[in-house]
Protein chains: 2
Amino acid sequence: MPPDGDFPGHIDVPVMSAPVLGRTTQHSAAWETISTRKITDREAILARWPDWHLKKQVPDSALDVSSLPVSGLTPREREIVHHDATSLVEALRERRYTAVEVTRAFCHVATIAQGLTNCLTEVFFGEALERATELDRHMQETGKPVGPLHGLPVSIKDHILVKGRDTASGYAEWAYRTVSDRDAVAVAILRKAGAVLYVKTANPQTLLALETNNNIYGRTLNPFNRKLTPGGSSGGEGALISVHGSPLGIGTDIGGSIRIPAAHMGLYGLKGSVARMPHAGLLGSHDGMDAITGALGPIATSARDLALFCRVMLQYRPWLLEPPLIEMPWRQDVVDGVDIPNQLCIAILWDDGVVAPHPPILDALKRAKDALLAAGHEVITWEPVGHQEAWDLILKLYFLDGGAEYRETLAHDPPVPQIEWMMSQVPNDGAPFSVAEIFRLNLAREAFRAKILQHWNSTEARTRTGRPVDAVLSPVAPTLAPPHDTTRWWGYTSYWNLMDYSAAVFPVGRLDADEYRARDVSADIVLPSDSRNPTEEFIRAQWAPQTYHNAAVSLQLIGRRLNEERVLGMLRKVEDALHSSH
Amino acid sequence: MPPDGDFPGHIDVPVMSAPVLGRTTQHSAAWETISTRKITDREAILARWPDWHLKKQVPDSALDVSSLPVSGLTPREREIVHHDATSLVEALRERRYTAVEVTRAFCHVATIAQGLTNCLTEVFFGEALERATELDRHMQETGKPVGPLHGLPVSIKDHILVKGRDTASGYAEWAYRTVSDRDAVAVAILRKAGAVLYVKTANPQTLLALETNNNIYGRTLNPFNRKLTPGGSSGGEGALISVHGSPLGIGTDIGGSIRIPAAHMGLYGLKGSVARMPHAGLLGSHDGMDAITGALGPIATSARDLALFCRVMLQYRPWLLEPPLIEMPWRQDVVDGVDIPNQLCIAILWDDGVVAPHPPILDALKRAKDALLAAGHEVITWEPVGHQEAWDLILKLYFLDGGAEYRETLAHDPPVPQIEWMMSQVPNDGAPFSVAEIFRLNLAREAFRAKILQHWNSTEARTRTGRPVDAVLSPVAPTLAPPHDTTRWWGYTSYWNLMDYSAAVFPVGRLDADEYRARDVSADIVLPSDSRNPTEEFIRAQWAPQTYHNAAVSLQLIGRRLNEERVLGMLRKVEDALHSSH
């Protein structure tokens, strides 16, 4: 039951129709004009709070700007923005901070983060401060929080509906005409839970990119090395949260869009299985596509915040609002360890057989392996099966219409480089699949899922316990955060979208190019001596420590379908092992 | 955990490919030849057990033959076949009966039922008796049952794969070329649980009919009045189980195919939500269609047997085998009353606004209402919303390809009357929908589901408790079992497939045409004075007590999505109320 006993039926569920609008009538203005207007609007709003801007100019050549957003804070503000969401909510509940001062601190940091990384789209600090004032008043009058997220600022990816705000979603075509009359269900729940909404954040054109660039706002930068991408498509979230401009954000993931920015920015991200978390109220192309669908989920600075988000979402019983959602209450006891074996058996995916990971990622896996073994867990190798096949298949599912809808939109909104690359991957020579072909693709997807499920089950033959492995530990991508416009391989993340498995991303370090020495992993994995395909050749040629200086190193822990709680419960044990090995 | 601790990963999951085979190569023989051969084969097998045949000829004009199948039984055999599955399993476990004598009794009844109603397709009594012998030996040697269904005969609808058996599924084209190399997952679980498989049962050509007729075997008859249909598509199951030829059967339902035969035959049937029960290993047209999918479920002689079936299926954790299944263990405690309010609030659907039910169905609803009120439950009226809209939409989802695949198959296998009617309903002028249109249909489906979910939630304004209604009580069809070839309106069942809600069917009586007097239901429902459409006109004109003499009267109890346990828990309270009002 929701904490306030309120029946969630009172939330208005959004009906998604904006893309249809965006397709049927065309803006009279060119995209360049719309872009200028959106950027001018955003700057005008930010200009209302001049105190929150950085006092000095930062040259474009400055690469690591990650410490600047918090540089002008008071010690108390600095303390506030360094909390994770869980402890911040606790502090707010205990009235150690007011909602207003917390909101102000994050607005302050977000303003600077925006100037340095171009991570924001819609800014509504005024509404946020009003809401925070109300929350403080409620707390003062009743002595009670409004809900489980009382006073917590939460940032929202641009394509997720927020009432009264534009939902341009990376398309200039949609700007100013997708002002929503209601909240996405996840956003409505956040509001009911007492969260403070203050910004929406950048996502790429089409959303089908693991970088963040669009014709409205341009590119979002990685604040730890601005030559690198923060990842995408939830890249604005990644950039913002990584510099403490938000304690918690929501993204979406249909091929890696939560996990990649979380990984590249050294954060935590959870892509649950489809239909576990609220999903109604997202704008994007291909509305109604259900052969493959995405999942909404949190990006945060701690693993426990991922659980906090999920727990709050499911506390409001969103399955009573959104027909596709599964009535499966959150099992916090599992996150806390119930039903999680003390000795895990984890399979490590060293190389997916298509694109071998760069050395620092293999190093991270090796370090994790040693730490897991030292903590008494079992580790075996995950034999990769069909990663190229999975990519070829998911590409077809992404482009059932042969790319027609994207091409139509891009006719007035020229593709940014990552989208140009993606459109070059369109299968079936750009023709739509027939109904019979779609049925066969659905069957191929189910056959693939059955094959990999069987593969997972069959690990029972290789474990000491005789039970199948509990989780797969894997790279998130073959590289750390890549230089802009060079992301070329989604296979480490999109594979688990095709499988619809639960996957969490967590940080394990940061690359110092000057000190970097590759570890010897030859006992664990035989790497191909030659590139196995042009993609691997491209990515192999990219490797040079200096290119990735200061980039986050992250890993991915994958569990079975709808096992979000188990993944987080296991992640706790994995992190315990990693920390005790230091 | 499965009772034997066996990991279900050891079950081979079938890959469905037979329809593709059936389409790409054509039988050299005409359907008439195949039909003769299949029927001859079936009769030859039945002829091996001459003692089980009826000793006298029954003229085709004999309408009520329902008592004949058990007429030649010994008192002990008669006792056996009158158990429900739950008590039979208990008796077998307690060694009051041997598996062999139980199997023989049901084979005996099934043989006669076949002769009277044409309900069987594949017959494998020999294999069944061998299996029963093994089970008895196991029991004798170990003192323990093989599994929770030790020795229970279970009948299987034809299109569900049974290893070593043909899966013609109502298409002459598929006969003899769809002998399966493995079991459907549900069948494999039945075997592991100790069930005895002995027959497969008739389903109609295309499976898309609520009657049972095909070019291989012809029509299946309703043993209580052979002028009437037993319903379909799981009509062989209905006819067989209703005369005690099987204690439990499995059917499938994408528009009413479990519920309609259960209702017309005075049995219990459960259509759960998609992805709750095992589903892999069914043959049918449109393999890979997932805009609308069916559910596999039980048909039985008691409500508790529905729970028995589900409990056993989920005990084997089929989600570890079949990727689409939801990891949601069976909550028998809910069936037994936990979390079920003592005072239910039930909404009665008197008329769906398209085709008003015939008087005996309104009478049954009225009687149920009175009984529920007398037992202290609350009853309100369910306002029907969009039943014609739902039908128009689900028809499009059934025929995304404009009927092309069916037409192709029917070219060599001429449509039986119900299929001729169904093919006349094909939308979109028989053209396939485009990818963009399919996306819009998916959206329309989701919008419809959201609207009805909201409608359900909104009943909170009309209940005394202030909570939404717990269940909807509804007709199963506008008529009792119709005369052959006259079924015209699916809306009372297919609506809940479109919604993907859990629905159980249960018997409330049988029509005696000579004694029948309609009750006055005018206080509860204003019936239209004129027919609202040609379908209603057709069905209204059909009403005459004598036409439906001896037909079962049944109702449907509907709960929210994935609430199978709650529906069965509520059904228990509803039946208690009905029984105490007698």
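Residues numbered from 1 in each chain as written. Chains lettered and ligands numbered in written order. Predicted model: local features only at pLDDT ≥ 70, side-chain atom pairs only at ≥ 80, totals over all residues. Heavy atoms only, no water.

Re the domain arrangement of chain A
Residue and element names in this part refer to chain A.
- With domains assigned, chain A is organised as domain 1 (69-329) and domain 2 (345-580).
- Once you take the C-alpha centre of each, domain 1 and domain 2 turn out to be 24 Å apart.
- The partner domain 2 presents 63 residues to the 54 residues of domain 1 that form the contact.
- Here domain 1 packs against domain 2, burying approximately 4,900 Å² in sum over the two surfaces, 58% of which is carbon and sulfur.
- Looking at the side of domain 1 facing domain 2, the largest losses of area belong to Leu208, Arg259 and His286, adding up to 14% of the total buried there.
- The tally of links from domain 1 across to domain 2 stands at three salt bridges.
- A salt bridge links Asp485 to Arg219; the nearest nitrogen and oxygen atoms lie 3.0 Å apart.
- Joining domain 1 to domain 2, the criterion identifies 41 residue pairs in polar contact (both at pLDDT 80 or more). (Domains from an automatic or database assignment. Contact = heavy atoms within 4.5 Å. Buried area = accessible area lost by both parts, 1.4 Å probe. Salt bridge = Lys/Arg side-chain N within 4 Å of Asp/Glu carboxyl O. Polar contact = N/O pair within 3.5 Å; in protein donor to acceptor, adjacent residues only side chain to side chain.)

Some words on the packing of aromatic side chains
Residue and element names in this part refer to chain A.
- One pass over the full model with this rule turns up 34 aromatic pairs over all chains.
- The interplanar angle of 75 degrees and the centroid separation of 6.4 Å between the aromatic rings of Trp391 and Tyr398 together place this pair among those described as edge-to-face. The same class applies to Trp391 as to Tyr398, namely buried.
- For the ring pair Phe399 and Tyr406, a centre distance of 5.7 Å and an interplane angle of 65 degrees mean the geometry is edge-to-face. (Phe/Tyr/Trp six-rings, centres within 6.5 Å; stacked < 30°, edge-to-face > 60°. Buried < 20%, exposed > 50% of the residue type's maximum accessible area, 1.4 Å probe, protein only.)

Remarks on the UniProt feature "domain: Amidase" (unreviewed entry) in chain A
- Under the present numbering, the feature "domain: Amidase" (unreviewed entry) in UniProt falls on residues 101-568 of chain A.
- Counted over residues 101-568 of chain A, helix gives 35% and strand 14%. Its end C-alpha atoms are 31 Å apart. (UniProt positions renumbered as here; feature names shortened; annotations may be inferred. Helix = DSSP H or I, 4+ residues; strand = E, 2+ residues; numbered from the N terminus.)

Notes on unusual backbone geometry
- In the segment running from Gly232 of chain A into Ser233 of chain A, the intervening peptide bond is cis, with an omega of 0 degrees.
- Note on placement: Ser233 of chain A falls in the loop between strand 5 (218-219) and helix 8 (235-242).
- One non-glycine residue, Leu207 of chain B, lies in the positive phi region at around 70 degrees.
- Topologically, Leu207 of chain B is positioned in the loop between strand 3 (196-201) and strand 4 (213-214).
- What makes Leu207 of chain B buried here is its relative accessible area of 14%.

Digging into the interface of chain A and chain B
- The interface is formed by 40 residues belonging to chain A together with 40 residues belonging to chain B.
- When the two sides are added together, the surface that chain A and chain B hide from each other amounts to roughly 3,400 Å², 60% of it contributed by carbon and sulfur.
- For the interface between chain A and chain B, the tally reads two salt bridges.
- Where Arg445 of chain B meets Asp290 of chain A, a salt bridge forms, and the shortest distance between an N and an O atom there is 2.8 Å.
- Where chain A meets chain B, there are 16 residue pairs in polar contact (both at pLDDT 80 or more).
- Split into classes, the residues belonging to the side of chain A that touches chain B amount to 21 nonpolar, eight polar and 11 charged. (Nonpolar A, V, L, I, M, F, W, Y, C, P; charged D, E, K, R; others polar.)

Overview of the UniProt feature "binding site: substrate" (unreviewed entry) in chain A
Residue and element names in this part refer to chain A.
- Per the UniProt record, "binding site: substrate" (unreviewed entry) is found at Leu207, Ser233, Ile254, Gly255, Gly256 and Ser257. Of the residues just listed, which span 51 residues, no C-alpha pair is farther apart than 10.8 Å, and they cluster in one region.
- Checked against the element boundaries, Gly255 lands in the loop between strand 6 (248-253) and helix 9 (259-264).
- According to the relative accessible area criterion, Gly255 is buried, its value standing at 0%.
- In contact with Gly255, not counting residues within four places along its chain, are Leu210, Tyr398, Trp490, Thr493, Ser494 and Asn497.

Observations regarding the pairing of strand 8 (residues 295-300) of chain B
Residue and element names in this part refer to chain B.
- For strand 8, a buried count of six out of six residues is recorded, marking the element as mostly surrounded by other parts of the structure.
- Sheet topology places strand 7 (residues 268-271) next to strand 8; two bridges connect them, and they run antiparallel. Considered in strand 8, the bridge of Tyr268 is made with Ala300. (Pairing = 2+ DSSP bridges.)

A few points about the packing of helix 5 (residues 99-117) of chain B against helix 6 (residues 125-142) of chain B
Residue and element names in this part refer to chain B.
- Where helix 5 meets helix 6, the axes come as close as 8 Å, and the angle between the chain directions of the two elements is 160 degrees. As the angle between them shows, helix 5 and helix 6 are arranged roughly antiparallel. When the axes of helix 5 and helix 6 are compared, the crossing they make is right-handed. In this structure, helix 5 contributes Ala99, Val100, Thr103, Arg104, Cys107, Ala110 and Thr111 to the contact, and helix 6 contributes Phe125, Ala128, Leu129, Ala132, Thr133, Leu135 and Asp136.
- Among the residues making up the contact of helix 5 with helix 6, the classes are represented as nine nonpolar, three polar and two charged. (Axes fitted to C-alpha atoms, helices over the stretch in contact; angles between N-to-C directions. Parallel < 35°, antiparallel > 145°, perpendicular 65-115°, else oblique. Left-handed = near helix turned anticlockwise from the far one by under 90°.)

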